[in-house]
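# Examining the three-dimensional arrangement
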Amino acid sequence: MPPTDASTDAGTTPVAAPDGSSADSPEPAHRPESSDCQDTLDLRLPDELIALIAEQDTSRPARTSPDGAHHEASGDTRLEAQAPASAPVARASLAKTPVTTAHAEHDLLDDVGEWGPVTTGVGVFQLVPARIDRDLVLISRWMNDPAVAAFWELAGPDEVTEHHLRPQVEGDGRSVPCLGVLDGKPMSYWEIYRADLDPLARHYPARPHDTGVHLLIGGVAHRGRGLGTKLLTAVSDLVLDHRPQCARVVAEPDLRNTPSVSAFLSAGFRFSAEVDLPDKRAALMVRDRALRAVLQPSHSQ
């Protein structure tokens, strides 16, 4: 699970990705009084997980980071590297990109590629599922930006980034890597994933259909302007709008990454607990469907 840091405005603290190692989840530092938003443990297995287990004889590969760790995936808003103007991505072909996975029939994330564009206060934004043949060079370039590499730990030749992308692109659909396209230009990298089916679920009381978010913003020009907060709000809105069974969007930025935690708070997330992950002590950030109208600033503002 990649870094969860939503350092949307500052390329400072890396978002460590929780790996698949088991760890005791700490008691949440605070629990809201509302029963709708309590972080209680639900022991019911998701229907999708049961179906996948029945189909597969071998265990499904978990999303892992290049270092073999499950990087803080949920809210990793690793906002950092920017795509150069000459980014080799055909804008016309970005409009509709089908999500091709080994188990597309189950579609664990409700067709991310079909969510479509949304108008935000900074322009028209859309998540476009990544393709290795088309997007590898661009994403690898972002990963080699020093500010990004500090968090994602994917610097190196294109093969390093490909090793990170391919299990998601060719996996069972529990994680969908995407380009974030703003006004027709790819400018960020996202991972939308099923947090309840991810190693992260070992570190907090996950609920069925919890959806995690990782984000990397490309380029200095896009940092430090509050862009991350607006895009986090827009993407978490997309998740809640298109995933009716999802009651929460989660993220786990490094607790030391104050700008990242602040960005999540500004985007309608609440601080749920401090969580000890394999690579860091994280702030578990949660955006509740039940509190959406109360805590969420409109992404169109």
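Structure first, text after, so check above.
Nothing here was measured: the structure is a model prediction, and the numbers come from that model.

### A short note on the overall build of the protein chain
Secondary structure summary: the protein chain contains 8 helices and 9 strands in total. Across the 301 residues in the protein chain, those meeting the buried criterion constitute 58%. Considering only residue pairs separated by 6 or more positions, the protein chain has 78% of its internal contacts joining residues 24 or more positions apart.

### Examining the nonpolar core
The nonpolar side chains of a soluble globular protein tend to be buried, and buried together. In this structure, V112, F125, L127, W190 and I192 are the most contacted members of the largest nonpolar core, which totals 33 residues. Elements represented by at least two residues in this core include exactly β3 (123-129), β4 (175-182), β5 (185-194), β6 (211-217), α6 (227-242), β7 (248-251), α7 (258-266) and β9 (280-288). Among all residues touching V112, those that are not within four sequence positions of it are L127, V176, C178 and I192.

### Some words on the pairing of β5
Across the 10 residues that make up β5, a large majority, 9, are buried. Of the strand pairs in this sheet, β4 and β5 are connected by 8 bridges, and their pairing is antiparallel. In the sheet register, V176 faces β5, and the bridge partner there is I192. Joining the antiparallel neighbours β4 and β5 is a turn of 2 residues, in which D183 adopts a positive phi near 50°.

### Observations concerning the packing of aromatic side chains
Any two aromatic rings considered together are summarised by their centre-to-centre distance and by the angle between their planes. Following the criterion strictly, the structure yields 3 aromatic pairs and no others. Taking the centre distance of 5.5 Å and the plane angle of 65° together, the rings of W152 and Y189 count as edge-to-face. Residue W152 is located in helix α4 (residues 146-152), and its partner Y189 is located in strand β5; the two are separated by 37 residues in the primary sequence. In terms of burial, W152 and Y189 fall into one category: buried. Seen from their ring centres, F264 and F269 are 5.0 Å apart, and the 75° between their planes marks the pair as edge-to-face. Grouping residues by exposure puts F264 and F269 together as buried.

### Focus on the pairing of β6
Both faces of the sheet carry side chains from a regular strand, because those side chains alternate between them. Most of β6 sits inside the fold, with 7 of its 7 residues counted as buried. One ladder, built from 7 bridges, connects β5 with β6; its direction is antiparallel. Its bridge partner lying in β6, W190 is registered against L215. Note: β6 against β7, 2 bridges, orientation parallel. Bridge pairing in β7 links G212 to V250.

### Details of the packing of α6 against α7
Look at α6 against α7: their axes get within 8 Å of each other, and the N-to-C directions meet at 45°. Taken as axis vectors, α6 and α7 run oblique relative to one another. In this structure, α6 crosses over α7, and the sense of that crossing is right-handed. Within the contact between the two elements, α6 uses T229, L232 and T233 and α7 uses A263, F264 and S266. When its residues are assigned to classes, the contact of α6 with α7 shows 3 nonpolar, 3 polar and no charged.

### Remarks on the environment of Y189
The class of Y189 is buried, set by a relative accessible area of 0%. Sequence separation between Y189 and P129 is 60 residues; the distance between their C-alpha atoms is 9.8 Å. A distance of 2.6 Å separates polar atoms of two side chains, one belonging to Y189 and the other to E191.

Reading guide: rules and limits
Residues numbered from 1 in each chain as written. Predicted model: local features only at pLDDT ≥ 70, side-chain atom pairs only at ≥ 80, totals over all residues. Heavy atoms only, no water. Helix = DSSP H or I, 4+ residues; strand = E, 2+ residues; numbered from the N terminus. Buried < 20%, exposed > 50% of the residue type's maximum accessible area, 1.4 Å probe, protein only. Contact = heavy atoms within 4.5 Å. Core = buried A, V, L, I, M, F, W, Y, C linked by side-chain atoms within 4.5 Å. Pairing = 2+ DSSP bridges. Phe/Tyr/Trp six-rings, centres within 6.5 Å; stacked < 30°, edge-to-face > 60°. Axes fitted to C-alpha atoms, helices over the stretch in contact; angles between N-to-C directions. Parallel < 35°, antiparallel > 145°, perpendicular 65-115°, else oblique. Left-handed = near helix turned anticlockwise from the far one by under 90°. Nonpolar A, V, L, I, M, F, W, Y, C, P; charged D, E, K, R; others polar. Polar contact = N/O pair within 3.5 Å; in protein donor to acceptor, adjacent residues only side chain to side chain.

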